[in-house]
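Architecture at a glance
Next come the chains, spelled out residue by residue.
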Amino acid sequence: MTELSPDEKAKELSRFDGSAAIAVIGIGCLFPESSDREEYWNLIQKGSDAIVPIPLTHWSPDDYYDANPKLADHTYARTGGFLKPYAFDPLAFGLAPHSLEATDTTQLLGMVAAHQALVDAGYGPERSFDRDRVSCILGVTGTLELVIPLGARLGHPIWKKALHEAGVPEDVAAQVMAEIADAYVPWQENSFPGLLGNVVAGRIANRLDLGGTNSVVDAACASSLAALHMAMMELQAGKTDLVISGGMDTFNSIFMYMCFSKTPALSPSGQARPFDAAGDGTILGEGLGAVILKRLDDAVRDGDRIYGVIRGMGTASDGKGQAIYAPSARGQIKTLERAYTAAGVSPRSVGLVEAHGTGTKVGDGVELEALNRVYRAVEGAGAWCHLGSVKSQIGHTKAAAGAAGLIKALLALHHKVLPPSIKVRAPHPELEASPFILNDAARPWVSGGQPRRAAVSAFGFGGSNYHCVLEEYSADKTEAVWDPELYLAAFSADDQMHLAAKLHEAQNELLQGLDPRRLCRSWRDEFRSNQPWRILCWARGQAELATRLVKMVEGLQKGREALGPGILLHGDSPAAAVPALGLIFAGQGSQAPGMLRELACNFPEFLESLEKSEALLRERGGPSLVDIIYPPQAFTAEAKALQTKALTDTRYAQLALAALGIACVKVLGRFGIEAAAAGGHSFGELLALYAAGVLSEDATLLAAYERGRAMSEYGQSGGGLLAVMASHDMVASWLQESQLELSIANVNAPEQIVLGGKLEELDKAQIALKSQRIGSKKLEVSGAFHTALMAPALTPFAERLSSIDISPAELPVFANSTAQPYPDDPEEVRRILAEQLVSPVRFMEMLENMRAAGADTFVEIGPHRKLAGIMKASLGGSSEVFSLDSESGDSMLGLGKLLLSLAAQGYPVLWSAWDPGELAERGTASKPRFHVMLTGANYRTPAAKKTPMTLSREAVGKPLPTSAGSQLSGSQLSGSQLSGSQLSGSQLSGSQLSGSQLSGS
């Protein structure tokens, strides 16, 4: 976050009561498919689904599944959200390895989440602070999962009686009972603390050497926010200075599934769909979420990074109701009202509600009833608040559910992004005419001139209701967000042999277990674009990266055909001169709802440009531009068509393209990309003038707005454009013969000409062309651009341009109408720009002239790669053509591939700007760390193989086989075996590692 001046700090603090407002300064978490905060946000923002079949680490559906929900001792569920294996280092936390199976996973991984959060807040091992003023107050429900197997062992008298009554001989019965007992974790001295919920907080305080309050709060599925409430009060009372809070729950055994199955609350379809009309139940998940809380004035004083500010908390009980587990709208309404009163804000100012949203019919219906009552009580019609539930992605994490929602909302405020909520196919009836909006994809969160606010709900069995109101601390977004799964690797050398050696070294480094993200940073850091041999690739995930490294080696050995997709190779020639770049900006017709979404959500340049565009349009009485570019979820084909039509409207399409195009230029500037010339297609010419410094950002946005308004208000209606797949001479000759009132609007490529005119004339032309077997296609535009039908707009637009400043060009900009560079005279610039409205676009000729002037590599700037094909056709393959967007529409990947392509051509890309951070510690391979692989299921010590038991009379009386520990069932991961040096508990010194000695895990 940028440093605030004293006056700015005072202004920021004036929004809050510093003694009451609480800042969140650190986050640590493990949730399904997410081992830290960054991975969790990546999963949320992408709308990824982490619900999977029950893994063998937990329990086997073959043993317990039955579609009949009433069948005793069976569940009708087969899916859930589960943690991915985590490499846990017990020695880093001062734990003896032999005590792991006597310690519940929630306690073990709880320390990881808490440690992550403290380090994220700047309170890592290297910092000295008053540990006696640090508390740990967490949401945990009851006893932990470990109590189930320990309790099950105590059934041996029942087993013995049953075997005796069945006539089984005593020695055989003893053998059977021993085998059953071995299936459960044994009791030991560490078992009692290992199964207690309160020890989740106690172990964190003990291992991290914290002297403040440590306790857990149980409010069932509202436990996280209940703990947060207690933590806030402790801070506000001055009893502590820092609190680790949140919620933790890895209890996803068959026992927990049985609890929810017999309520019944689980989804028979296996998918939690919060706020869907056909929602049929919830899905269980597991997770651990920790946040670091601090009084706001203290956090500002200490210069902490602040994810968000807790403005207020509302709490209430349902009171007398029906069933103890039935939700109550009355209790929830009281909770919401108290929260907004405590926060001192109106629900009208809240842009995001992260709801409890379990996906059950009754629960969702009651929650929406309460939300509607409270939100509709404020002034203002329409829908303004985005509604979601992360349970659609990770399942219901029970005691950690509030923490999962809280962290999602905090990261949404921090990154200025409205996250999606997935799986809604038809909205719940209570959402009809409600104030709430559903998103199935992320969108930039434009402030609209007021602080961004979010609210989080959590409700628990027994009528426990909590609602938390959050607010952003700073309106600025200063850092880009990176996709942790997208790897860009780059290698260079002076010859093929040294390049191959680098690739082999890279393969070994990846096999050593070094962090692939840090490795890629190191490889890019060593890359030199002026070395003649260059090989680069992109990959999604570590497995694909490893595969592509192998393919790179094969490509060097066997030739380019062995490279495969995603790999770029330049070699076998001296280093060439840096290619001269020509930037080409797409025009109207390239737009579509959701365009460049990933870049818009991840880069501050996009948010800044969208904020300015939004303000410009709203000041002139227009709608929200961001709502038009990134509309809410559409549930019918008709709704989708209306969204596309709204963005096709010239009044908004051109301003939208300007906002995103300006941001694209700025983002390319991050990576040192500089052009030698610029041009555009139709409207794109305006952006080319911006890229050349002729127009400022504000002038470009204003000119785009005025251009679109003039064309929409003054251009003759009922016109359109038709692309014809034929040559200019053929189309010109055909037009003359057809006597249709059409004109050539664009000469795009050797075999693509665009006709403009009245729609009825275009219909006739399309029929006539089809009869001659000439292909044609109507374009998604709202008028006959670059024809006489736009003539009435020329004078109004020229008048509006007269007040816009024109600066000298920093690089040549080629005009559509002349195919030549713009002149220096400002009045001539205005004249050409205005007359472009009615002049044909000589795009093919413009490209040829740019190439003749020295540009030999062209980059298309705009969404959906609309120009790449005609650019390649026009240039005849003699120049390289790249696009900013990707074929798949993932614009973050598109940017990465563009940078790789330019670097492969020898362009000096500033690689340090891509995913900056720590480099890998390379060189001599470090000794493997001692670790065990933990999942949400409790750890079991691997057992020695046993001789299969036989119940034949011949086997009676034989001694039982010995076993080193409990038997590892097939459901346990092989990765659970201890790696590294096998240390027994007796090898640990008596003095345990202190919290200050932790180096992370």
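Our structure's up above, just so we're on the same page.
Within each chain, residue numbers correspond to sequence positions counted from 1 in written order. Reporting of local features is limited, given that this is a predicted model, to residues whose pLDDT is at least 70; pairs of side-chain atoms are given and counted only at 80 or more, and all residues count toward the totals for whole chains, interfaces and linings. Side-chain metrics in this entry use all non-hydrogen atoms of the structure; hydrogen atoms and water are not considered.

Digging into the overall build of the protein chain
The helix and strand labels rest on DSSP assignments: H or I over at least four residues marks a helix, E over at least two residues marks a strand, and numbering proceeds from the N terminus. A tally of regular secondary structure across the protein chain gives 33 helices and 29 strands. The C-alpha radius of gyration of the protein chain comes to 32 Å, within 12% of the 30 Å expected for a compact globule of 1001 residues. Overall, the C-alpha framework of the protein chain stretches about 105 × 70 × 65 Å when taken along its three principal axes. Looking at the protein chain residue by residue over its 1001 residues, the buried ones come to 58%. By definition in these notes, contact holds between two residues if any of their heavy atoms fall within 4.5 Å. Within the protein chain, counting contacts between residues at least 6 apart in sequence, those at least 24 apart form 80% of the total. Method for areas: the Shrake-Rupley scheme with a 1.4 Å probe, in which residue coverage is limited to the protein chains shown. Within the structure as shown, the protein chain displays about 39,200 Å² of accessible surface, and the carbon and sulfur contribution to it stands at 52%. Within the protein chain, the 110 negative side-chain charges are centred at a point lying 4 Å from the centre of the 88 positive side-chain charges. Both definitions apply: the radius of gyration is a C-alpha atom measure, and the globule rule equals 2.2 Å times residues to the power 0.38. Whether a residue is buried, partly exposed or exposed follows from its accessible area with a 1.4 Å probe, protein chains only, as a fraction of its type maximum: under 20%, in between, or over 50%, in that order. Positive charges are assigned to Lys and Arg, negative charges to Asp and Glu, while His and the chain termini are left out of the count. A charged residue contributes its charge at one atom only: NZ of Lys, CZ of Arg, CG of Asp or CD of Glu.

Some words on helix α24 (residues 650-670)
A helix is expected to span 1.5 Å for every residue after the first. End to end, α24 covers 31 Å across 21 residues, agreeing with the expected 30 Å (1.5 Å per residue, within 8%). Note on α24: the residue one or two positions beyond its end, glycine 672, has a positive phi of about 75°.

Describing the environment of alanine 458
Position of alanine 458 relative to the elements: it lies in strand β15 (residues 453-460). Once the C-alpha coordinates of alanine 458 and glycine 405 are considered, the two residues, 53 residues apart in sequence, prove to be 8.4 Å apart. What alanine 458 contacts, discounting residues up to four positions off in sequence, is Cys221, Ala222, Leu225, His356, Gly402, Ser464, Asn465 and Tyr466.

Section: the side chain of serine 421
Within the secondary structure, serine 421 is located in the loop between β12 (417-418) and β13 (436-438). Taking the relative accessible area as the measure of exposure, serine 421 reaches 4% and is therefore buried. Here serine 389 takes part through its backbone nitrogen, which lies 3.1 Å from a polar atom of the side chain of serine 421. Dropping the residues within four chain positions of it, serine 421 is found in contact with Leu387, Gly388, Ser389, Ser392, Asn439, Asp440 and Gln633. Definition of a polar contact: a pair of N or O atoms within 3.5 Å, with one able to donate and the other able to accept a hydrogen when the atoms are protein atoms, and with sequence-neighbouring residues admitted only if both atoms are side-chain atoms.

A few points about the nonpolar core
Soluble globular proteins: nonpolar side chains tend toward being buried together. What is meant by a nonpolar core is a set of buried Ala, Val, Leu, Ile, Met, Phe, Trp, Tyr and Cys residues, joined one to another through side-chain atoms within 4.5 Å. With 100 residues, the main nonpolar core has Phe606, Phe671, Leu895, Trp911 and Trp914 as its most contacted residues. Looking at which element gives the most residues to this core, the answer is α24, with 13 residues. With residues up to four places along the chain from it excluded, the contact list for phenylalanine 671 reads Trp482, Leu895, Leu899, Pro908, Val909, Leu910, Ala913 and Trp914. Counting 51 residues, the second-largest nonpolar core is a separate cluster that includes Cys29, Trp41, Ile394 and Ala409.

Examining the pairing of strand β17 (residues 486-493)
Within β17, 8 of the 8 residues are buried, which leaves the element mostly enclosed by the surrounding structure. Alternating residues of β17 divide into Leu486, Leu488, Ala490 and Ser492 and Tyr487, Ala489, Phe491 and Ala493, and every residue in both groups is buried. Where β17 meets strand β18 (residues 533-540), 8 bridges bridge the pair, whose relative direction is antiparallel. Looking at β18, one finds that leucine 486 is bridged to arginine 540. Any two strands are treated as partners once DSSP identifies two or more bridges connecting them.

Some details on the packing of aromatic side chains
Under the pairing criterion, centres of Phe, Tyr and Trp rings, with the six-membered ring standing for Trp, must be within 6.5 Å; the plane angle then separates stacked pairs below 30 degrees from edge-to-face pairs above 60, leaving the rest tilted. Counted under the stated rule, the structure contains 13 aromatic pairs. Summarising the aromatic geometry, the rings of phenylalanine 31 and tyrosine 40 are spaced 4.6 Å apart at their centres and angled 35° between planes, so their arrangement reads as tilted. Just as phenylalanine 31 is buried, tyrosine 40 falls in that class too. Look at tyrosine 375 and phenylalanine 436: their rings are 5.0 Å apart centre to centre, the planes differ by 50°, and that puts the pair in the tilted class. Note that tyrosine 375 is positioned in helix α14 (residues 361-375) and phenylalanine 436 in strand β13, a separation of 61 residues in sequence. Taking the relative accessible area as the measure of exposure, tyrosine 375 reaches 0% and is therefore buried. Overall, phenylalanine 436 belongs to the buried group, its relative accessible area being 7%. Whether a charge sits over a ring comes down to the Lys NZ or Arg CZ being within 6 Å of the ring centre and within 35 degrees of the ring normal. The ring centre of tyrosine 65 lies 4.0 Å from the NZ or CZ of arginine 78, which sits over that ring. Note that arginine 548 overlies the ring of tryptophan 538, its terminal NZ or CZ placed 4.5 Å from the centroid.

Comments concerning the packing of helix α4 (residues 105-120) against helix α9 (residues 198-207)
Lines fitted to C-alpha atoms define the axes here, with helix axes fitted over just the stretch in contact, and angles between the N-to-C directions of these axes take values from 0 to 180 degrees. Across the interface, α4 lies against α9 with an axial gap of 9 Å and an inter-helix angle of 50°. Regarding the angle of α4 to α9, the classification is oblique. Classified by chirality, the crossing of α9 by α4 is right-handed. Residues Thr106, Gln107, Gly110, Met111 and Ala114 of α4 form the contact with α9, whose participating residues are Val199, Val200, Arg203, Ile204 and Arg207. Here the angle decides the label: under 35 degrees means roughly parallel, over 145 means roughly antiparallel, 65 to 115 means roughly perpendicular, and every other value means oblique. Take the far helix as the reference: if the near one is turned anticlockwise from it by less than a right angle, the crossing is left-handed, and if turned clockwise, right-handed.

Concerning the sheet that holds β17
Within the open sheet, the 3 strands sit side by side as β17-β18-β19. Their pairing is antiparallel. Unpaired on one side and paired on the other, β17 and β19 (567-570) mark the two borders of the sheet. When strand polarity is set aside, the average angle formed by the axes of neighbouring strands in this sheet is 10°.

Structural notes on α4
Here α4 spans 22 Å end to end across 16 residues, near enough to the 22 Å set by a 1.5 Å rise per residue. A large share of α4 lies buried, amounting to 15 of its 16 residues. Between a side-chain oxygen at the N-terminus of α4 and the backbone nitrogen of threonine 106 the separation is 2.9 Å; the capping residue is aspartate 104. After α4 finishes, the residue glycine 122 shows a positive phi value of roughly 90°.

Structural notes on the sheet that holds strand β5 (residues 134-139)
In space, the 11 strands of this open sheet follow the order β6-β5-β7-β8-β1-β9-β16-β15-β10-β11-β13, with mixed pairing throughout. Both edges of this open sheet fall to β6 (214-217) and β13, since each of them pairs with a single strand only. When the angles between neighbouring strand axes are averaged without regard to direction, this sheet yields 30°. In this structure, strand β9 (residues 308-317) lies alongside strand β16 (residues 464-471), joined through 8 bridges in antiparallel fashion. Paired with serine 317 across the bridge in β16 is serine 464.

Remarks on the environment of leucine 109
By secondary structure assignment, the location of leucine 109 is in helix α4. By relative accessible area, leucine 109 is classed as buried at 0%. Counting along the chain gives 591 residues from leucine 109 to threonine 700, while the straight-line C-alpha distance between them is 52 Å. Setting aside residues no more than four positions away along its own chain, leucine 109 makes contact with Leu30, Leu83, Tyr86, Phe88, Leu288, Leu934 and Thr935.

Here's the deal with the pattern of salt bridges
When a carboxyl oxygen of Asp or Glu lies within 4 Å of a side-chain nitrogen of Lys or Arg, that pair is called a salt bridge. As enumerated under the stated definition, the model contains 50 salt bridges in all. A salt bridge links glutamate 354 to lysine 408; its shortest N-O distance comes to 2.8 Å. Highlighted residues: glutamate 354 in strand β10 (residues 352-354) and lysine 408 in helix α16 (residues 401-415), separated in sequence by 54 residues. A relative accessible area of 2% means that glutamate 354 is categorised as buried. Here lysine 666 and glutamate 697 are joined by a salt bridge, their closest N and O atoms 2.6 Å apart. Here lysine 666, found in helix α24, pairs with glutamate 697, found in helix α26 (residues 697-714); they are 31 residues apart in sequence, far enough to count as distant. On the basis of relative accessibility, which here comes to 10%, the residue glutamate 697 falls in the buried class. Beyond isolated ion pairs, a larger network of salt bridges with shared partners links Arg133, Asp241, Lys294, Arg295, Asp298, Arg301, Asp302 and Asp304.

Just distances and angles here, no functional claims.
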